[in-house]
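Fold and geometry: a report
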Amino acid sequence: MSAPNKQYDPKQVSDLSAEAIDAMVSAALAAIESADTLDQWKEVRLEHSGDRSPIALANREIGALPPAAKVEVGKRVGQARGAIKAALDQRELILIEHRDNEVLLAEKVDVTVPVDRSLKGARHPLTTLMERLSDVFVAMGYEIAEGPELELEWANFDALNFPKDHPARMMQDTFFVESPDSGALLRTHTSPIQVRAMLERELPIYVVAPGRVYRTDELDATHTPVFHQIEGLAVDKGLTMADLRGTLNHLAHVMFGQEIDIRWRPSYFPFTEPSAEVDLRCFVCLGDAESDLLDQCRACGGEGWIEWGGCGMVNPRVLVAVGIDPEVYSGFAFGMGIERTLMFRSGVKDMRDMVEGDVRFTRAFGLDS
Ligand code: PHE
């Protein structure tokens, strides 16, 4: 037996009994179990398995034990440390998983939530419709023609065979520029483009011209002082009224479907002879004579039909005025209302919707390509 160690102070060293070590383990396990966050877990680890933890201090004591006790106590402390470490590792995994789940929840992105996009503008339905109408003719070999909106009175009226005192000039309720003597006006129809096309182009001529026109009408459900027409002109050898009918029937079918009911009425225009007006069966009351709707129908005024546009064979006097021999060439022309076409195609009952610039109107049609 060796002599008692004088330096040995039982108060400064850990109790290495099985109970004491078990108590350390139980305290550590309880603390580990109650760690709810990774931060708490780190504190617990420091406290129960760090360098100054009871079990670490106990471990340090082993070296000072007599060899006989070393093995047993060493095993006991080793197992205790292993148990604490295993509990810490297991708890850490759980807490990491909790943390990750919380992060996933907190940072969840719902890709279906509409984001704050800046609004894309929409093209006006009249614009897209003008392109569609033009396409129907381009597909038949027509070219697109243009003319100025500020037009010569000569092209708008004189060259189209309107005599100086013809009531049509007044009938058309023209916006003159500066003074009626200026010779300039805002075109009242797209027909002056016929004159320009015949002056500028080689024969034969097949053109369409969509464009804006002006008349001094008050704005109401069926009138607007600025509206749109699509003009068509064909000048070739041997063209007849049958060609005109076939062309406009085709346009009506493409625009409104095969079922559309159309009507031709004899009419008068100074620049076509003979002339006709083309009507479409009213899309609101359907022209049903049996129905009470017909009498009160605001869209057609009780007619059952709505005028779509005017047309006719180009008056030989107009051909002569632009230097084309009416003995060799004949032509047909037409001018259809684009607002009317839109009303029919899309069921727009009030023309004011088309001009008031409410984006809800244009946006509703904006994706229509
Ligand atoms: N320009 C005529 C109008 O605005 C329509 C029309 C065009 C008639 C071409 C005949 C030929 O009413």
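Summarised in this report is the structure supplied together with it. The model shown is predicted, which means the values in this text are computed figures rather than measured ones. (Residues numbered from 1 in each chain as written. Predicted model: local features only at pLDDT ≥ 70, side-chain atom pairs only at ≥ 80, totals over all residues. Heavy atoms only, no water.)

If you tally the helices and strands in the protein chain, you get 14 helices and 9 strands. By principal-axis analysis of the C-alpha atoms, the protein chain measures approximately 145 × 50 × 40 Å. For the protein chain, the proportion of its 369 residues judged to be buried stands at 40%. Contacts spanning at least 24 positions in sequence make up 68% of the contacts within the protein chain whose residues lie at least 6 apart. Accessible area of the protein chain: about 21400 Å², with a carbon and sulfur share of 53%. (Helix = DSSP H or I, 4+ residues; strand = E, 2+ residues; numbered from the N terminus. Buried < 20%, exposed > 50% of the residue type's maximum accessible area, 1.4 Å probe, protein only. Contact = heavy atoms within 4.5 Å. Areas by Shrake-Rupley, 256 points an atom, 1.4 Å probe, with all protein chains shown as cover.)

For helix H4 (residues 67-106), which comprises 40 residues, the first-to-last C-alpha distance of 57 Å matches the rise-based estimate of 58 Å (1.5 Å per residue) to within 8%. Those residues of H4 that sit buried are Val73, Val77, Ala80, Ile84, Ala87, Leu88, Arg91 and Leu95. Contacts from the buried residues of H4 go to helix H1 (18-34), helix H2 (38-49) and helix H3 (54-61). (Expected span 1.5 Å × (residues − 1).)

Next up on the list: the site of the ligand. As a structural note, the neighbourhood of the ligand is formed by 14 residues, with His189, Ser191, Arg215, Gln229 and Gly335 the closest of them. Between the ligand and arginine 215, the relevant distance is 3.0 Å, taken from an oxygen atom to a side-chain nitrogen or oxygen of the residue. Glutamine 229 has a polar side-chain atom sitting 2.9 Å from an oxygen atom of the ligand. For the shell around the ligand, the secondary structure elements donating two or more residues are strand E5 (226-236), strand E8 (305-314) and strand E9 (330-337). (Near = heavy atom within 4 Å. Polar contact = N/O pair within 3.5 Å; in protein donor to acceptor, adjacent residues only side chain to side chain.)

A separate point is the packing of aromatic side chains. Following the criterion strictly, the structure yields 8 aromatic pairs and no others. Ring centres of phenylalanine 137 and phenylalanine 334 lie 5.3 Å apart, and the angle between their planes is 25 degrees; this geometry places the pair in the stacked category. One end of the pair, phenylalanine 137, is in helix H5 (residues 125-138); the other, phenylalanine 334, is in strand E9, and 197 residues separate them in sequence. Each member of the pair, phenylalanine 137 as well as phenylalanine 334, carries the same accessibility label: buried. An angle of 75 degrees between the planes, with centres 5.5 Å apart, marks the rings of tyrosine 142 and tyrosine 206 as edge-to-face. Of this pair, tyrosine 142 sits in the loop between H5 and strand E1 (143-144) while tyrosine 206 sits in strand E4 (residues 205-214), and the two are 64 residues apart along the sequence. You can call tyrosine 142 buried: its relative accessible area is 7%. Classification of tyrosine 206 by relative accessible area gives partly exposed; the value is 26%. In textbook terms, an aromatic cluster arises when at least three aromatic residues are bridged by ring pairs, as seen for Phe137, Tyr142, Tyr206 and Phe334. (Phe/Tyr/Trp six-rings, centres within 6.5 Å; stacked < 30°, edge-to-face > 60°.)

The subject of this paragraph is the packing of H2 against H4. Relative orientation of the contacting elements H2 and H4 amounts to 170 degrees, with a least axis distance of 10 Å. One finds that H2 runs roughly antiparallel with respect to H4. Contact with H2, carried on its side by Leu38, Trp41, Arg45, His48 and Ser49, involves Ile84, Leu88, Arg91, Glu92, Leu95, Ile96 and Arg99 of H4 and no other residues of that element. Across the contact of H2 with H4, the residue classes break down as 6 nonpolar, 2 polar and 4 charged. (Axes fitted to C-alpha atoms, helices over the stretch in contact; angles between N-to-C directions. Parallel < 35°, antiparallel > 145°, perpendicular 65-115°, else oblique. Nonpolar A, V, L, I, M, F, W, Y, C, P; charged D, E, K, R; others polar.)

Turning next to the environment of proline 266. Among the structural elements, proline 266 can be located in strand E6 (residues 262-269). With relative accessibility at 76%, the residue proline 266 sits in the exposed group. Dropping the residues within four chain positions of it, proline 266 is found in contact with Ser275 and Ala276.

So, about the environment of valine 359. In this fold, valine 359 is placed in helix H14 (residues 359-366). Valine 359 sits 236 residues away from arginine 123 along the chain, and the two C-alpha atoms are 9.9 Å apart.

Further remarks concern the sheet that holds strand E7 (residues 272-281). Backbone-to-backbone hydrogen bonds join strands into a sheet, with any given pair of strands oriented parallel or antiparallel. Within the open sheet, the 7 strands sit side by side as E1-E4-E5-E9-E8-E7-E6. Their pairing is mixed. Unpaired on one side and paired on the other, E1 and E6 mark the two borders of the sheet. Its contacts with the sheet place helix H9 (residues 241-256) against E6, E7, E8 and E9, and it is angled at close to 30 degrees to E9. (Pairing = 2+ DSSP bridges.)

Next up on the list: the side chain of threonine 188. As for its position among the elements, threonine 188 is in the loop between strand E3 (184-186) and helix H8 (192-200). The exposure class of threonine 188 is buried, given its relative accessible area of 0%. Among the polar contacts listed, one links the side chain of threonine 188 to the side chain of asparagine 156, at a separation of 3.0 Å.

So, on to H9. Since there are 3.6 residues in each turn of an α-helix, residues three or four apart along the chain are aligned in direction. Its 16 residues give H9 an end-to-end C-alpha distance of 22 Å, which sits within 8% of 22 Å, the value for a rise of 1.5 Å per residue. Those residues of H9 that fall on the buried side of the exposure criterion are Leu244, Thr247, Leu248, Leu251, Ala252, Met255 and Phe256. Burial along H9 is one-sided: seen end-on, the buried residues are contained in an arc of 135 degrees. One or two residues past the end of H9 sits glycine 257, with phi positive at roughly 95 degrees. (Arc of directions from axis to C-beta.)

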